[in-house]
Amino acid sequence: TEASVLMLIEANSDITQSVIGRMLGIQRANLVPLASQLEWRALIRKSVITGRAQALRLTPAGRTIVRGCHERIAAHEARFLIGMIKADAETLIARISRIWNC
């Protein structure tokens, strides 16, 4: 969950907790302590944008963690696709992407 939140913040700087909750299906009661923990660990920084809404951004430490997440995901995908013909692997990834984006 933490990795998903961090990667979403990376892709959408200044995203709010409520948007993250909607996108990832996380209830506010669960997201607030998660975001507070990420802030306490200095992985994200919050700034007020309007009223109670807070924009979230990655800190340099948060970017380092996300970079490691991307590397692990790429390694996992490489292990999953090992031995596949490149065209077949590309087709599989394209089809999974279509399903994911439905």
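Residues numbered from 1 in each chain as written. Predicted model: local features only at pLDDT ≥ 70, side-chain atom pairs only at ≥ 80, totals over all residues. Heavy atoms only, no water.

1. Brief notes about the sheet that holds strand β1 (residues 15–16)
Okay, step 1: One open sheet holds the three strands; their spatial order is β1-β3-β2, and the pairing between them is antiparallel. Looking at the sheet topology across the chains shown, the edges are occupied by β1 and β2 (44–50).
Okay, step 2: With six bridges connecting them, β2 and strand β3 (residues 53–58) associate as antiparallel partners. The residue bridging Ile44 from the neighbouring strand is Leu58, located in β3.
Okay, step 3: Across the face of the sheet, helix α1 (residues 2–11) comes into contact with β1, β2 and β3 while running at roughly 95° to β3. (Pairing = 2+ DSSP bridges. Helix = DSSP H or I, 4+ residues; strand = E, 2+ residues; numbered from the N terminus. Contact = heavy atoms within 4.5 Å. Axes fitted to C-alpha atoms, helices over the stretch in contact; angles between N-to-C directions.)

2. Regarding the pattern of salt bridges
One side chain can pair with another of opposite charge once the charged atoms of both are near each other.
Okay, step 1: On inspection of all chains with the given rule, the structure shows four salt bridges.
Okay, step 2: One salt bridge in this structure joins Glu2 and Arg41, with 2.9 Å as the shortest N-O distance. Of the two residues, Glu2 is situated in helix α1 and Arg41 in the loop between α3 (28–40) and β2; the sequence distance between them amounts to 39 residues.
Okay, step 3: What makes Glu2 partly exposed here is its relative accessible area of 31%.
Okay, step 4: The salt bridge partner of Glu90 is Lys86, with a shortest N-O separation of 4.0 Å. Taken together, the residues span about one helical turn, with Glu90 and Lys86 both in helix α5 (residues 86–100) at a distance of four residues. (Salt bridge = Lys/Arg side-chain N within 4 Å of Asp/Glu carboxyl O. Buried < 20%, exposed > 50% of the residue type's maximum accessible area, 1.4 Å probe, protein only.)

3. Focus: the side chain of Gln17
Okay, step 1: Mapped onto the elements of the fold, Gln17 is located in helix α2 (residues 17–24).
Okay, step 2: Classification of Gln17 by relative accessible area gives buried; the value is 14%.
Okay, step 3: Those residues in contact with Gln17 that lie beyond four places of it in its chain are Leu31, Val32, Ala35, Lys46, Gln54 and Leu56.

None of this, on its own, says anything about what the molecule does.
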